[in-house]
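# Overview (structure and organization)
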Amino acid sequence: MMRALAALAAASLGAHAATPVPDLMPLPASISWGDGKLVIDSTFRVAAAGCQDARIAAAAARLPARLTRQTGIPIPRAAAAAAAATLVIECKGPGEKVQSPLEDESYRLDVAAQQARIAAPTAVGALHGIETFLQLVIPGQDGFAVPALRIEDKPRFAWRGLMIDVSRHFLPVEVIERNLDGMAAVKLNVFHWHLSDDQGFRVESRRFPKLQQLASDGLYYTQDQVRHIVAYARDRGIRVVPEFDMPGHSTAWFAAYPELASAPGPYRIERGFGVFDPCMDPSRERVFQFLDAFIGEMAALFPDEYFHTGGDEVNGKDWDRSPRIRQFKRARGLKTDEDLQAYFSKRVHAIVMAHGKKVIGWDEILDPKLPKGSVVQAWRGPRILADAARRGYPVILSAGYYLDLLQPAAFHYGNDPLGGEAAALGAGERSRVLGGEACQWAELISGENADLRIWPRMAAIAERLWSGSDVTDVGSMYRRLESASVRLEYLGLTHRSVQGPMLDRIAAGQPAGALRTLGAALEPVKGYARHAARAYKSSTPLNRMVDATPPESGAAREFSGAVDALLAGDQAQREGVRTRLAGWRDQYEALKPVFAASSLAAELEPVSRDVSALAAAGIEALDARPTPPGWVEFLERAKKPRAELLIVILDPVRKLVEAAGAPPPAAANKP
Ligand code: ACM
C-alpha cells in the first residue's frame with residue numbers, strides 16, 4: 001500500500017523523514033511514498049519493453065554509464081529481459097517523427113523493492129521518467145537506493161526552452177552537447193539556437209558559402225554537425241529551433257553579401273556589442289530572393305516545425321539615410337520604420353511558411369499582419385505577452401528569464417508566465433501562453449565559462465515551467481538546486497569544476513584557495529553594468545575573476561541567512577558565522593603574493609582588502625565591540641563595484657555591526 005504524502009509543495013518532500021528524500025528538480029505533479037527501497041548496485045539492468053522508438057533504446061544504453069558516473073559503481077552495459085530488469089521502460093507509441101510542442105510528455109514511475117517501472121504514452125514522456133529515476137538514486141546508510149514511490153507527472157507548459165547565442169561568441173559542439181544533456185535532465189524541451197547576429201554567422205550554407213567563409217572567422221557548425229546536434233537533441237526529447245535574426249542584427253551577413261544591406265558598405269564582421277545600424281534592404285526583391293533560397297536550405301536542415309527569424313531591435317537609421325528606401329516607403333504608403341519592418345516581416349514570414357514552417361519571432365513581430373499561429377517571444381516585458389495572447393497569438397515568455405543579466409535564481413523562479421499582466425487573461429487567452437525560454441546572450445561568455453553562466457540557475461527556471469504554479473517555496477528551491485547542480489556535473493557540465501582551472505590561471509602558479517574564498521564573497525555586477533565599465537569586444541579575453549565568479553554566491557546567501565538567524569537569537573549560528581568571517585578576513589594576507597605575481601589578479605587587491613576589513617569588522621561586532629570609526633565612509637566605498645565585482649556579504653556584515661553598535665533591545669526598552 002502506498003502512503004499518500006500530500007501535495008507536493010516543496011516542504012512536504014522533506015517531511016518524509018525515515019529515509020533520505022531525494023531533491024527532485026523540477027518537482028513532479030504528484031508523488032506518493034511507498035515502503036522500502038530499490039537497491040542500486042552493479043546488478044542494475046534496464047529493459048525497454050515494447051518501445052518502438054530508437055530514442056528509448058539509446059537512452060537505455062546510456063543509463064549504465066550515467067549511473068556509474070553518478071554513483072561510482074561499475075555497471076555493465078548488458079541487456080536484460082523485463083522480468084529480470086531493475087528498471088523497465090514502457091511506452092505506448094513510437095512518438096512523432098518530428099517532436100512537436102503538442103506531444104504528450106506525461107509519464108508514471110513506480111518504484112518497488114524489486115523493480116522500477118516507467119510507463120508513458122510517448123517516448124518523450126518516458127525520457128522524462130528516466131531523468132526522474134536518475135534524480136532519485138541517492139546514497140543512504142546501506143548504499144545507493146531509490147525510495148519506493150509512485151510519481152505521476154506531466155508539464156505545466158508545453159514550451160520550456162533555453163536560447164543560446166553562438167554568434168557573439170562561438171560555442172563548440174561539445175559545449176552544446178553537454179548543455180543539451182543538462183536541459184534534458186531538468187526536462188526542458190526546446191533548444192533555441194541563435195545562429196546569426198552582427199558578430200558572426202555560424203552555419204555552413206552550401207547555397208551561399210561566403211556566409212561561413214567570410215562571416216564566421218572560421219567558427220561555424222558544418223551541416224553534418226548541425227544534423228548531429230539535432231539528432232542529439234531529439235534523442236533527449238528536445239526540439240531545436242534555429243534562429244536567423246533579420247532584418248537587424250545582421251552585419252555579419254553583409255560581410256559576405258553586402259548586396260543584402262540597406263547601405264553600400266563596405267562591411268566587416270562587427271567586433272563590438274550593442275545595437276548597430278546595418279539592416280537588410282526591404283526595398284530590393286533580390287533580398288527576398290536570397291532569403292527564399294537561404295531559408296529553403298535551412299528549413300530542410302532543421303526539421304522542427306518552427307523557424308525563428310528574429311525581428312528585434314531594428315533602429316531604422318540605415319533605412320532613414322537611404323533616399324531609395326525613403327522613396328520605397330512613400331510609394332507603398334508605409335509611414336514609419338515600424339510599418340516598413342512589418343512589410344519586411346510579412347514577406348519573410350510568407351517565405352518561411354512556403355517552406356512548410358511556422359513562424360516564431362521576437363515580440364517586435366507582433367503586428368496585425370502577423371500570420372495566425374505564429375509564436376511571439378515576449379522579451380521586452382510581460383505586457384507584450386498578455387497583448388499577444390489577447391490578439392490571438394501563441395506566446396512564450398523570455399522577459400525575466402535573461403540569464404546574462406546575472407540575477408539570482410529566486411528572481412527567475414518568481415517570474416511566472418501566467419503571473420503579472422497575464423493573470424488578468426481569460427481562460428482562452430491563457431491557453432495561448434505556451435511557456436517560456438531562458439536566454440543566454442553571449443557577449444560575455446566563452447566556451448570555457450558558458451556553463452557557469454547558464455547553470456544551475458537554468459534548473460530553477462525549468463522548474464517554474466514544468467511544476468505547478470503553487471510550487472513557489474524559495475528555500476526549498478535553493479536546497480534542491482544545490483543537489484541539481486551537483487548532479488549536472490556528473491552529466492558533464494562544468495559550471496562548478498571550471499572555476500578550478502580559471503582560478504589557477506589567475507593565481508599564476510600560486511595556490512588559488514584564497515581566491516576561491518574571496519570569490520565566495522563576490523558576485524559579478526548585474527544587468528548590463530559590465531558594458532558600462534569597459535568597451536568589450538569579441539576579442540576581449542574573458543579570463544578575469546569576474547568571468548570565473550558565479551552569478552550567485554551560495555556561500556554568501558547561506559552566510560546572510562545565518563546572520564539573520566543569529567540576530568534573531570539563534571546562538572547556534574555564532575561559530576559558523578565567525579569561521580566564515582575569519583576566512584574572509586584572512587584571504588587578503590594569503591593573496592598578497594598572488595596580486596604581485598599575476599596581472600589577472602592585480603585588479604583584485606582593493607576588493608580583497610575591503611572584504612578583509614569588512615570581515616574583521618564583523619568579527620569585532622560578534623565580540624560586541626562597537627562600530628569602528630570611519631564605518632559609514634568605508635561602506636560607501638565597499639559597496640561600489642571594483643573589477644566588475646560586488647561584495648555581496650556587505651549587507652549581512654552591516655547588520656552585525658549595527659546590531660553591536662546599537663544599544664541592546666532590552667536596555668533600549670527600559671525607561
Ligand atoms: C533581444 O534581447 N534583443 C531579443
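That block above? That's the structure.
Report follows, based on the coordinates. (Residues numbered from 1 in each chain as written. Predicted model: local features only at pLDDT ≥ 70, side-chain atom pairs only at ≥ 80, totals over all residues. Heavy atoms only, no water.)

## A closer look at the environment of Arg-578
Mapping Arg-578 onto the fold places it in helix 23 (residues 574–597). Among residues more than four places away in sequence, those in contact with Arg-578 are Ile-619, Leu-622 and Asp-623. (Helix = DSSP H or I, 4+ residues; strand = E, 2+ residues; numbered from the N terminus. Contact = heavy atoms within 4.5 Å.)

## Observations regarding the packing of helix 10 (residues 323–332) against helix 11 (residues 337–354)
In the contact formed by helix 10 and helix 11, the axes pass within 11 Å of each other and the chain directions differ by 80°. When the axis of helix 10 is compared with that of helix 11, the two are roughly perpendicular. On the side of helix 10, the interface is formed by Ile-325, Phe-328, Lys-329 and Arg-332, while helix 11 contributes Asp-337, Leu-340 and Tyr-343. In terms of residue class, the contact of helix 10 with helix 11 is built from four nonpolar, no polar and three charged. (Axes fitted to C-alpha atoms, helices over the stretch in contact; angles between N-to-C directions. Parallel < 35°, antiparallel > 145°, perpendicular 65-115°, else oblique. Nonpolar A, V, L, I, M, F, W, Y, C, P; charged D, E, K, R; others polar.)

## With respect to helix 26 (residues 631–638)
All of the buried residues along helix 26 are Trp-631, Phe-634, Leu-635 and Ala-638. Down the axis of helix 26, the buried set is contained in an arc of 100°. They therefore lie on one face. Of the residues in helix 26, the exposed ones pointing more than 90 degrees away from the buried face are Val-632 and Glu-633. (Buried < 20%, exposed > 50% of the residue type's maximum accessible area, 1.4 Å probe, protein only. Arc of directions from axis to C-beta.)

## What about the side chain of Asp-610?
Mapped onto the elements of the fold, Asp-610 is located in helix 25 (residues 605–622). For Asp-610, a relative accessible area of 1% translates into the label buried.

## Considering the packing of aromatic side chains
In total, this model carries 27 aromatic pairs according to the counting rule given. Ring centres of Phe-559 and Trp-584 lie 5.1 Å apart, and the angle between their planes is 90°; on these two criteria the pair is classed as edge-to-face. Residue Phe-559 is found in helix 22 (residues 554–567), and its partner Trp-584 is found in helix 23; the two are separated by 25 residues along the sequence. As far as burial versus exposure is concerned, Phe-559 and Trp-584 are alike and both buried. The ring of Trp-466 has Lys-187 lying over it, and the distance from NZ or CZ to the ring centre is 5.8 Å. One Lys or Arg, Arg-347, reaches over the ring of Phe-288 and ends 4.2 Å from the middle of that ring. (Phe/Tyr/Trp six-rings, centres within 6.5 Å; stacked < 30°, edge-to-face > 60°. Lys NZ or Arg CZ within 6 Å of the ring centre and 35° of its normal.)

## What to know about helix 12 (residues 382–390)
Of all the residues in helix 12, the buried ones are Ile-384, Leu-385, Ala-386, Ala-388 and Ala-389. Along its buried surface, helix 12 packs onto strand 15 (375–378), strand 16 (395–397), helix 14 (427–430) and strand 17 (433–440). Among the residues trailing helix 12, Gly-392 stands out with phi positive, at a value near 95°.

## What to know about the pattern of salt bridges
Here the structure, examined in full by the defined rule, presents 51 salt bridges. Its salt-bridge partner being Arg-530, residue Glu-644 comes within 2.8 Å of it at the nearest N-O pair. Here Glu-644 is found in the loop between helix 26 and strand 19 (645–647), whereas its partner Arg-530 is found in helix 20 (residues 529–533), with 114 residues between them in sequence. With respect to class, Glu-644 is no different from Arg-530; both count as buried. Of the charged contacts in the structure, one is a salt bridge between Lys-639 and Glu-636, with a shortest N-O distance of 3.0 Å. By relative accessible area, Lys-639 is classed as partly exposed at 48%. Residue classification places Glu-636 among the partly exposed positions, given a relative accessible area of 40%. Several salt bridges share partner residues, and in doing so they unite Arg-530, Arg-534, Arg-544, Asp-547, Glu-603 and Glu-644 into one network. (Salt bridge = Lys/Arg side-chain N within 4 Å of Asp/Glu carboxyl O.)

## Thoughts on the nonpolar core
With 146 residues, the main nonpolar core has Trp-193, Phe-244, Trp-253 and Leu-291 as its most contacted residues. At nine residues, helix 8 (residues 285–301) tops the list of elements feeding residues into this core. With near-sequence residues (within four places) excluded, Trp-193 lies in contact with Ile-164, Val-166, Ile-176, Tyr-221, Val-226, Ile-229, Val-240, Val-241, Pro-242, Glu-243 and Phe-302. Counting residues in hydrophobic clusters, the runner-up holds 52 residues, among them Leu-515, Ala-521, Phe-634 and Ala-643. (Core = buried A, V, L, I, M, F, W, Y, C linked by side-chain atoms within 4.5 Å.)

## What to know about the pairing of strand 10 (residues 190–197)
Within strand 10, eight of the eight residues are buried, leaving the element largely enclosed by the surrounding structure. Sheet analysis places strand 9 (residues 159–165) next to strand 10, joined by five bridges and oriented parallel. Counterpart to Ile-164 in the pairing with strand 10 is Trp-193. Note on the crossover from strand 9 through helix 4 (residues 173–185) to strand 10: the handedness is right-handed. Pairing of strand 10 with strand 12 (residues 239–244), which is carried by six bridges, proceeds in the parallel orientation. By the bridge assignment for strand 12, Trp-193 is matched with Pro-242. The hairpin formed by strand 10 and strand 11 (residues 200–201) contains two residues between the paired strands. (Pairing = 2+ DSSP bridges. Right-handed = clockwise from strand over helix to strand, strands pointing away.)

What is shown is where atoms sit, not what they do.
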